[in-house]
Amino acid sequence: MAEKTLKQMLFVWEGTDKNGAKVMGETKSGSMALAKAALRRQGINPTRVKKKSTPLFGGSKKKPVKAKDIAIFSRQMATMMASGVPLVQSFDIIGRGHENPSMQELIMAIKADVEGGNPLADALSRHPRHFDGLYCNLVNAGEQAGILETLLDKIATYKEKTEAIKGKIKKALFYPIAIVIVAFIITAILLIFVIPQFEQLFSSFGADLPALTLLVMKISTIFQEWWYLIFGGIGGGIYGFMELKHRSQKVRDALDRIVLKLPIIGNIITKATIARFARTLSTMFAAGVPLVEAMATVAGAAGNVVYANAILRMRDEVSTGTNLYQSMRNTGLFPNMVVQMVAIGEEAGSVDAMLAKVASFYEEEVDNAVDGLSSLMEPVIMAFLGVIIGGLVIAMYLPIFKMGEVV
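Residues numbered from 1 in each chain as written. Predicted model: local features only at pLDDT ≥ 70, side-chain atom pairs only at ≥ 80, totals over all residues. Heavy atoms only, no water.

A. Up close: the overall build of the protein. Within the protein, the regular secondary structure consists of 16 helices and three strands. For 407 residues, the compact-globule formula gives about 22 Å, and the C-alpha radius of gyration of the protein, at 29 Å, lies well above that figure. Each of the three principal axes of the protein carries a C-alpha extent, and together these read 100 × 60 × 35 Å. A burial count over the protein gives 39% of its 407 residues as buried. Accessible surface computed for the protein: about 22,200 Å², of which carbon and sulfur atoms make up 61%. A distance of 7 Å separates the average location of the 44 positive side-chain charges in the protein from that of its 36 negative side-chain charges. (Helix = DSSP H or I, 4+ residues; strand = E, 2+ residues; numbered from the N terminus. Rg over C-alpha atoms; globule rule 2.2 N^0.38 Å. Buried < 20%, exposed > 50% of the residue type's maximum accessible area, 1.4 Å probe, protein only. Areas by Shrake-Rupley, 256 points an atom, 1.4 Å probe, with all protein chains shown as cover. Lys, Arg positive; Asp, Glu negative; His and termini not counted. Charge placed at Lys NZ, Arg CZ, Asp CG, Glu CD.)

B. Structural detail: helix α2 (residues 32–41). When we look at burial in α2, the residues that qualify are Ala35, Ala38 and Leu39. Seen end-on, α2 carries its buried residues on one side only, within an arc spanning 100°. In this structure, α2 carries Ala33, Leu34, Arg40 and Arg41 as exposed residues pointing more than 90 degrees from its buried face. Packed against the buried residues of α2 are β1 (9–16), β2 (22–29) and β3 (45–51). Directly after α2, the chain includes Gly43, whose backbone phi takes a positive value near 85°. (Arc of directions from axis to C-beta. Contact = heavy atoms within 4.5 Å.)

C. Just the packing of helix α12 (residues 291–300) against helix α13 (residues 305–319), in detail. Interhelical geometry of α12 versus α13 gives an angle of 170° and a closest axis separation of 9 Å. Taken together, α12 and α13 sit at an angle that is classed as roughly antiparallel. Listed contacts from α13 to Leu291, Val292, Met295, Ala296, Val298 and Ala299 of α12 are Ala308, Ile311, Leu312, Met314, Arg315, Val318 and Ser319. Grouping the amino acids of the contact of α12 with α13 by side-chain chemistry returns 11 nonpolar, one polar and one charged. (Axes fitted to C-alpha atoms, helices over the stretch in contact; angles between N-to-C directions. Parallel < 35°, antiparallel > 145°, perpendicular 65-115°, else oblique. Nonpolar A, V, L, I, M, F, W, Y, C, P; charged D, E, K, R; others polar.)

D. Fine view of the packing of aromatic side chains. Scanning the model with the defined rule gives nine aromatic pairs in all. Where Phe184 meets Phe231, the ring centres are 5.5 Å apart and the plane angle is 65°; that geometry is what we call edge-to-face. Of this pair, Phe184 sits in helix α8 (residues 148–202) while Phe231 sits in helix α9 (residues 211–247); the two residues are 47 residues apart in sequence, bridging distant segments of the chain. Among the residues examined, Phe231 registers a relative accessible area of 35% and is labelled partly exposed. Here Phe277 and Phe334 contribute two aromatic rings whose centre-to-centre distance is 4.9 Å and whose plane-to-plane angle is 45°, an arrangement assigned as tilted. Remark: Phe334 occurs in the loop between α14 (324–331) and α15 (336–348) and Phe277 occurs in helix α11 (residues 265–286); sequence separation between them is 57 residues. A relative accessible area of 1% places Phe277 in the buried class. Clustering of aromatic rings is evident, with ring pairs tying together Phe73, Phe91, Phe131 and Tyr135. (Phe/Tyr/Trp six-rings, centres within 6.5 Å; stacked < 30°, edge-to-face > 60°.)

E. Highlighting the confidence of the model for the protein. Per-residue pLDDT for the protein averages 82, and the proportion of residues at 70 or more is 93%. Ignoring residues within four places in sequence, the model shows residues 1–6, a span with pLDDT below 50, making two contacts including any to other chains. This model gives residues 55–60 a pLDDT under 50, and the stretch forms nine contacts once residues within four places in sequence are excluded. (pLDDT = per-residue confidence, 0-100.)

F. Examining the layout of surface pockets more closely. One number sums up the size of the largest pocket: a volume of about 2,000 Å³. Around the largest pocket sit 50 residues that line it, and Lys166, Lys170, Lys245, Asp256 and Gly303 are the ones nearest its centre. Elements supplying a minimum of two residues to the lining of the largest pocket: α3 (67–82), α7 (133–145), α8, α9, α10 (249–261), α11 and α12. (1 Å grid on protein atoms, 1.4 Å probe; cavity = no way out; pocket = protein on both sides within 12 Å on 5 of 7 lines; lining within 4 Å. Points joined across faces, edges and corners; volume = space filled by probe spheres on them.)

G. Quick look at the pattern of salt bridges. The tally for this structure, following the rule as stated, stands at 11 salt bridges. Between Arg126 and Asp113 there is a salt bridge, with its nearest N and O atoms 3.1 Å apart. With Arg126 in the loop between α6 (120–125) and α7 and Asp113 in helix α5 (residues 101–115), the pair connects residues that are 13 residues apart, well separated along the chain. Accessibility expressed as a relative area gives 48% for Arg126, which makes it partly exposed. Here Glu365 makes a salt bridge to Lys271, at a shortest N to O gap of 3.0 Å. Here Glu365 is found in helix α16 (residues 351–406), whereas its partner Lys271 is found in helix α11, with 94 residues between them in sequence. Salt bridges sharing partners connect three or more residues here, namely Arg75, Asp153 and Glu160. (Salt bridge = Lys/Arg side-chain N within 4 Å of Asp/Glu carboxyl O.)

H. Region of interest: the sheet that holds β3. Taken together, the three strands give an open sheet; going across it, the order is β2-β1-β3, and neighbouring strands pair in antiparallel fashion. Each edge of the open sheet carries a strand with a single partner, namely β2 and β3. Sheet twist, expressed as the mean angle between neighbouring strand axes with direction ignored, is 25°. The sheet contact formed by β1 and β2 spans eight bridges and is antiparallel. Within β2, the position partnered with Phe11 by the bridge is Thr27. Strands in contact with α2 are β1, β2 and β3; relative to β3, the strand with the most contacts, it is inclined by about 150°. (Pairing = 2+ DSSP bridges.)

I. Main features of unusual backbone geometry. Despite not being glycine, Ile264 has its phi angle at roughly 65°, a positive value. Topologically, Ile264 is positioned in the loop between α10 and α11. The partly exposed category is assigned to Ile264, whose relative accessible area is 43%.

J. Inspection of the environment of Arg129 at higher detail. With respect to the element layout, Arg129 can be found in the loop between α6 and α7. C-alpha of Arg129 to C-alpha of Val65: the two residues are 64 residues apart in sequence and 9.5 Å apart in space.

Right, dumping it as structure tokens:
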């Protein structure tokens, strides 16, 4: 079966449909003859079929499909459907125009499934790495209710908002981490290559060196002798931690709990998680998904085990007749403002609208918090660099100043 899959190729075709209209696209098949036969079974008279230069599987290394690609794809599909472009043709237009070959293959694989008569939700569910349960459930609800165009627009908005929040958080974390890495590299270079030159100079002084200078020279000696162990240990430790995080659910759960308690960063993560919860539940509510069923999907999309477990407890309470706002209050994780807005929404029958407003509010809060964090981190980082780099420079020049005083 694996060999057969590997031998499949991607063919570009042109032809006419049952109405005589010119159509074009791409299809997977084991040979050109099989591709033509498959097109004829779909009611298409192929006039030109040729093998695409890039094979469907194998070949040169391709860029992976990122969450941002899925968000853009969702918006493109929503725009195409709103413009009246047929579903299959939308896949063809988007797939052929995408710059990422991996994304092209994904889109064409979905298109082939849809052309074969499968519902769009089923076609998407065959790629769980890129389309999670929330995405597939919303598409399925749209297909069942005949409002796929509307649901695709909601999905696109949801993905765009979610990716925007992730981008903001990554921005908040990337800047200080990058500065620490650069500071470490510069310090290592000074200790390994620059400090030894000063050490040779000081050896001819024949005088006692300041304690700070002696300390820096000792650290420099350690770096010169054991640099490979220091760099290897740090690199191995980071790699081991990432692997442990990837493989161990307990480690990921512990990190989720710790990150919520961190100063400043914990507050941003909490607001982002509440925004994601509200946005996800609002989108599923608007799609007509039952509350209890929707909350299981919302828990999976929470992004933090503390809130995921709380949402599952809320689901259990709601399934026994408890109001949503009361179950939220019982967790102790949601601010009073959020609980009250949900309570008003339940009374007015507009929970989805209230949750959307909560999501928008907290998304803006995340934006403001990240901007504030960036402004706060700049002077802290400058002070950090000044202490590290400046300390090394001062330690090397102290003996020179001392010698000048003696002269």
